[in-house]
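Next come the chains, spelled out residue by residue.
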Amino acid sequence: MTGDPGGAKAAELTCPSCGEIVFADEIFCEECGHRLAESPPAAPAEPTPAEPAPAAEPERVDATVVQSTPSARRRASARPCAGCGAATIDADGYCEACGLRQPAERDHVEIELPAPGGNGTSPVVAAGASDRGRRYSRNEDAIAIAAHSAGIAAVVSDGVGSSQRPDDASRAAADTGAAELVARLDAGDDPEDATRAAALAAAAAVAALSTSPAEAPSCTYVSAVTRGPSVTVGWVGDSRAYWLAADGSVEDPAAEGTSLDAAEVSTGDMAELGPSRRLTDDDSWAAFMVAQGSLTEAEAEAHPNAHVITAWMGADAGQVNPHVATFRPSRPGTLLVCSDGLWNYFPAAGDIAALLAAGPDGAEAAAGAPDPGHDPAADPLAVARTLVRHALDAGGRDNITVAVIPLPPPAVPQSRVHPSIPQSTEQPR
């Protein structure tokens, strides 16, 4: 559904009575009971192996999605209710006896990507976590992390809540984008060319989900790849990538909200990454107004249209033009890719860096004392969990997804190195 003039897309639908987030196919608001539609939605088509039912999230093996079989989906739906034990779970995941929504595998997902070699004892070189948050009834974000021949590729996609089946859109974008990145990078493509081609392939996969002009699943998209001494990011929409310097240094906050220099985007030139900073510019109404000089960043962020996106993936998106930028880190750090469920609460790189610098009790190390913070190189998954937890503690209004890639990657002891294919492990919690 199109939002403000100029082809912008609204981020979510809300109940006109209470303001709670609602979905396009709902008849009543689950919070206050207000009627949202006059007639029930059309019955969904019978799912096929290529388009699984929501209760049957595909299993992931080495960043390749393996669809579950119809019999496996039937077994999943036959599980008893987590609340009352009744075996009457409907197709939407609700117990017909007590009305409890059943936990879904996609509610909370964690991924670890070990380095090649080590017989299961290799260090983790990347990790991610995705959570549905506190207010959404389903997780419409998706994440994919994979190894290619010379580094790591990560994709995060955020389904647009005002569209149909945003969870399917984000899953298609993340899986297609990651697979295309790995294939092209393994074939020797330039990282910028691979990033652009992968984003376009992801956009085509999302557009193919549409069954009519009025039914267009859509999402945002951001990717990051490491190869040798460089990192390349690509994006469409307002999902973001950040650089977090290991030494805790942060770029001047006054410069962080400004647009990327022309030399940093789509030119092949590598800007140096020193202190922590944001690597992407949002495709949003607020970013557009600031770039035009019409509003200050504070004024734009305070406007009701601030988070209306101006570019997305979907059959109604028109021509998709991915942004691509390449950087060269000058010091150790962490590449972070995330959805707005995190950065809505912690928008500046300094905000995120401060979360990692704090210990478990929220206090920073005293001068001369050991750093109590979280070390991405030592435990990327712990960092991903920490960031998700902070977003939940801050309100958890949206789905939250983060991918964490330490640079340089942890070294594999030479005695343990042997040929193998690193596999990501996705664990619903």
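Everything numeric in this text was worked out from a predicted model, so none of it was measured.

Parameters and conventions
- Residues numbered from 1 in each chain as written.
- Predicted model: local features only at pLDDT ≥ 70, side-chain atom pairs only at ≥ 80, totals over all residues.
- Heavy atoms only, no water.
- Helix = DSSP H or I, 4+ residues; strand = E, 2+ residues; numbered from the N terminus.
- Buried < 20%, exposed > 50% of the residue type's maximum accessible area, 1.4 Å probe, protein only.
- Areas by Shrake-Rupley, 256 points an atom, 1.4 Å probe, with all protein chains shown as cover.
- Pairing = 2+ DSSP bridges.
- Arc of directions from axis to C-beta.
- Expected span 1.5 Å × (residues − 1).
- Contact = heavy atoms within 4.5 Å.
- Core = buried A, V, L, I, M, F, W, Y, C linked by side-chain atoms within 4.5 Å.
- Polar contact = N/O pair within 3.5 Å; in protein donor to acceptor, adjacent residues only side chain to side chain.
- Axes fitted to C-alpha atoms, helices over the stretch in contact; angles between N-to-C directions.
- Parallel < 35°, antiparallel > 145°, perpendicular 65-115°, else oblique.
- Left-handed = near helix turned anticlockwise from the far one by under 90°.
- Nonpolar A, V, L, I, M, F, W, Y, C, P; charged D, E, K, R; others polar.
- Phe/Tyr/Trp six-rings, centres within 6.5 Å; stacked < 30°, edge-to-face > 60°.
- Lys NZ or Arg CZ within 6 Å of the ring centre and 35° of its normal.
- pLDDT = per-residue confidence, 0-100.
- Salt bridge = Lys/Arg side-chain N within 4 Å of Asp/Glu carboxyl O.
- Disulfide = S-S within 2.5 Å.

> Mind showing me how you'd approach the overall build of the protein chain here?
Per the secondary structure count, the protein chain includes nine helices and 18 strands. Split into buried and exposed, the 429 residues of the protein chain put 47% on the buried side. For the protein chain, the exposed surface amounts to about 18,900 Å²; the carbon and sulfur share of it is 54%.

> How should the pairing of strand β11 (residues 240-245) be read in this particular structure?
Strand residues, when the strand is regular, have side chains that alternate between the two faces of the sheet. The buried fraction of β11 amounts to six of the six residues, a majority that puts the element mostly inside the structure. Burial along β11 is two-sided: R240, Y242 and L244 and A241, W243 and A245, pointing in opposite directions, are all buried. As paired elements, β11 and strand β16 (residues 333-338) share six bridges and run antiparallel to each other. Across the sheet, residue R240 finds its bridge partner in β16, namely C338. In this sheet, strand β13 (residues 277-278) lies alongside β11 in antiparallel orientation, the contact comprising two bridges. Considered in β13, the bridge of Y242 is made with R278.

> Can you walk me through helix α8 (residues 349-357) in this structure?
Three- or four-residue spacings in an α-helix give side chains the same orientation, since the helix completes a turn every 3.6 residues. Restricting attention to buried positions, one finds in α8 the residues A349, I352, A353, L355 and L356. Relative to the axis of α8, the buried residues are bounded by an arc of 155 degrees and lie together on one face.

> Honestly, helix α2 (residues 166-186) in this entry has me stumped. Any pointers?
With 21 residues, α2 should reach 30 Å at 1.5 Å per residue; the first-to-last C-alpha distance of 30 Å fits that figure. A positive backbone phi angle near 95 degrees is found at G188, which sits one or two residues after α2.

> Whenever I open this one, the environment of A150 confuses me. Can you help?
You can see A150 is positioned in the loop between β7 (141-148) and β8 (151-159). Assessed through its relative accessible area of 41%, A150 is described here as partly exposed. Residues A150 and G188 lie 38 residues apart in sequence; the distance between their C-alpha atoms is 9.7 Å. Residues in contact with A150, not counting those within four places in the same chain, are T226, R227 and G228.

> Looking at this model, I keep getting lost on the nonpolar core. Mind explaining?
Most often, soluble globular proteins keep nonpolar side chains buried together rather than apart. Core analysis: the biggest nonpolar cluster contains 29 residues, and I145, I152, V233, L279, F327, L335 and A403 have the highest contact counts within it. Judged by nonpolar contacts, the second largest core, of 28 residues, contains V155, A173, A174 and I309.

> Before we go on, may I ask you to explain the side chain of D282 in this structure?
Topologically, D282 is positioned in the loop between β13 and α5 (285-291). Within the structure, the side chain of D282 is placed 2.6 Å from the side chain of R240, a separation counted as a polar contact. Apart from residues lying up to four places away in sequence, D282 is in contact with G237, D238, R240, A287 and W343.

> Honestly, the packing of α8 against helix α9 (residues 380-393) in this entry has me stumped. Any pointers?
The packing of two helices is summarised by the inter-axis angle and the distance between the axes. One can describe the packing of α8 onto α9 by two numbers: an axis separation of 10 Å at closest approach and a directional angle of 115 degrees. By the angle between their directions, the pair α8 and α9 is classed as roughly perpendicular. Our pair here, α8 against α9, has a crossing hand that is right-handed. Facing α8, whose interface residues are I352, L355 and L356, α9 presents V383, L387 and H390. Looking at side-chain class alone, the contact of α8 with α9 contains five nonpolar, one polar and no charged residues.

> What's the story with the packing of aromatic side chains in this structure? I'm lost.
The relative placement of two aromatic rings is captured by the distance of their centres and the angle of their planes. Applying the stated criterion across every chain, the model contains one aromatic pair. Relative to F346, the ring of Y345 has its centre 6.5 Å away and its plane inclined at 55 degrees; by these criteria the two rings are tilted. Accessibility expressed as a relative area gives 14% for F346, which makes it buried. Note that R240 overlies the ring of W343, its terminal NZ or CZ placed 3.5 Å from the centroid.

> Explain the confidence of the model for the protein chain to me, please; I cannot follow it from the model alone.
Taken residue by residue, the protein chain gives an average pLDDT of 78. The fraction at 70 or more is 69%. Considering each helix and strand of the protein chain separately, the mean pLDDT is smallest for strand β4 (residues 64-66), with a value of 30, and largest for helix α3 (residues 191-207), with 98. Taken together, the stretch residues 39-77 has pLDDT below 50 and engages in 49 contacts with residues farther than four places along the chain or on a different chain.

> Which parts of the structure should I look at to understand the pairing of strand β6 (residues 124-131)?
In terms of burial, β6 is a largely internal element, eight of the eight residues being buried. Of the strand pairs in this sheet, strand β5 (residues 108-114) and β6 are connected by seven bridges, and their pairing is antiparallel. The residue bridging P114 from the neighbouring strand is V124, located in β6. The sheet contact formed by β6 and strand β17 (residues 400-407) spans five bridges and is antiparallel. Bridge pairing links D131 to I400 in β17.

> I keep staring at the pattern of salt bridges and nothing clicks. Help me out?
Two side chains of opposite charge can pair, provided their charged atoms sit close to one another. Applying the stated criterion across every chain yields a total of 14 salt bridges. R132 is the partner of D107 in a salt bridge, and the nearest nitrogen-oxygen pair spans 3.4 Å. Taken together, the residues span a long stretch of sequence, with D107 in the loop between α1 (70-77) and β5 and R132 in the loop between β6 and β7 at a distance of 25 residues. A residue is classified by how much of its surface remains accessible, and D107, at 10% relative accessible area, is buried.

> What am I meant to see in the state of the cysteines here?
On inspection of all chains with the given rule, the structure shows zero disulfides. Of the cysteine sulfurs around C81, a residue in no disulfide, the closest is that of C98, at 3.7 Å. Judged by relative accessible area, which is 6%, C81 ranks as buried. C98 sits in the partly exposed class, given a relative accessible area of 44%.

> What's the story with the packing of α2 against α3 in this structure? I'm lost.
Here α2 crosses α3 at 150 degrees, and the two axes come no closer than 8 Å. Of the possible angle classes, the one that applies to α2 and α3 is roughly antiparallel. Our pair here, α2 against α3, has a crossing hand that is right-handed. Where α2 abuts α3, its residues A169, A172, A173, T176, G177, E180, L181, R184 and L185 lie against P191, A194, T195, A197, A198, A201, A202, A205 and V206. The residue makeup of the contact of α2 with α3, split by class, is 13 nonpolar, three polar and two charged.

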